[in-house]
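Listed below, chain by chain, are the residues.
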Amino acid sequence: MTDMTRFLSIAVQAGAFISAFAAIAAGLIMTRVTKKFGTGILASGFKTISVGIFLIALGIIFDAGQVYFNLTGNEQIIIILTGLKEIFFVAGTYIIVIGSKRTADKLETLTK
């Protein structure tokens, strides 16, 4: 494997970890929202959505790990990491969508 290929894979992993830690920071900020706008609807919605963000961040971390194990050729770990990554991405996205929908519905009923 050429040095350029190794460098690019390390750069991809570094970018993935940076984005994962940014997502974790955003999730932490969202969980700490305690302002009671709309009888606490936004605060509870942010907490629900932040769980989805944490799951997507875990998926990003597993994705970076998958890139590393692709270089080593360990196929069993690659299959496990791919499955976990997909589960985290789907679950995180589902939680974000459902949390956003519920928050929007609650806010809409307040404005009627």
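Each remark here, short or long, concerns the structure printed above.
Attention in this report is confined to the structure presented alongside it. It should be emphasised that the depicted structure is a prediction, and the values quoted were computed from it without experimental measurement.

1. Observations concerning helix α3 (residues 75-111)
Then, number 1: For α3, spanning 37 residues, the distance from its first C-alpha to its last is 54 Å, which sits close to the expected 54 Å at 1.5 Å a residue.
Then, number 2: For α3, the set of buried residues is I78, L81, K85, F88, G92, G99 and T103.
Then, number 3: For α3, the secondary structure elements touched by its buried residues are α2 (41-72).

2. Quick word on the pattern of salt bridges
Then, number 1: Tallied over the full model, the rule gives three salt bridges.
Then, number 2: Here D105 and K101 are joined by a salt bridge, their closest N and O atoms 3.0 Å apart. Placement of the pair is D105 and K101 together in helix α3, with a separation of four residues, close to one helical turn.
Then, number 3: Owing to a relative accessible area of 32%, D105 belongs among the partly exposed residues under this scheme.
Then, number 4: K101 gets classed as partly exposed once you look at its relative accessible area, which sits at 49%.
Then, number 5: One network of salt bridges, in which partners are shared, links D63, K85 and E86.

3. Things to note about the side chain of K85
Then, number 1: Along the chain, K85 turns up in helix α3.
Then, number 2: The buried category is assigned to K85, whose relative accessible area is 11%.
Then, number 3: At 3.3 Å, the side chain of K85 forms a polar contact with the side chain of D63.
Then, number 4: Residues in contact with K85, not counting those within four places in the same chain, are G59, F62, D63 and Q66.

Rules used in this analysis
Residues numbered from 1 in each chain as written. Predicted model: local features only at pLDDT ≥ 70, side-chain atom pairs only at ≥ 80, totals over all residues. Heavy atoms only, no water. Helix = DSSP H or I, 4+ residues; strand = E, 2+ residues; numbered from the N terminus. Expected span 1.5 Å × (residues − 1). Buried < 20%, exposed > 50% of the residue type's maximum accessible area, 1.4 Å probe, protein only. Contact = heavy atoms within 4.5 Å. Salt bridge = Lys/Arg side-chain N within 4 Å of Asp/Glu carboxyl O. Polar contact = N/O pair within 3.5 Å; in protein donor to acceptor, adjacent residues only side chain to side chain.

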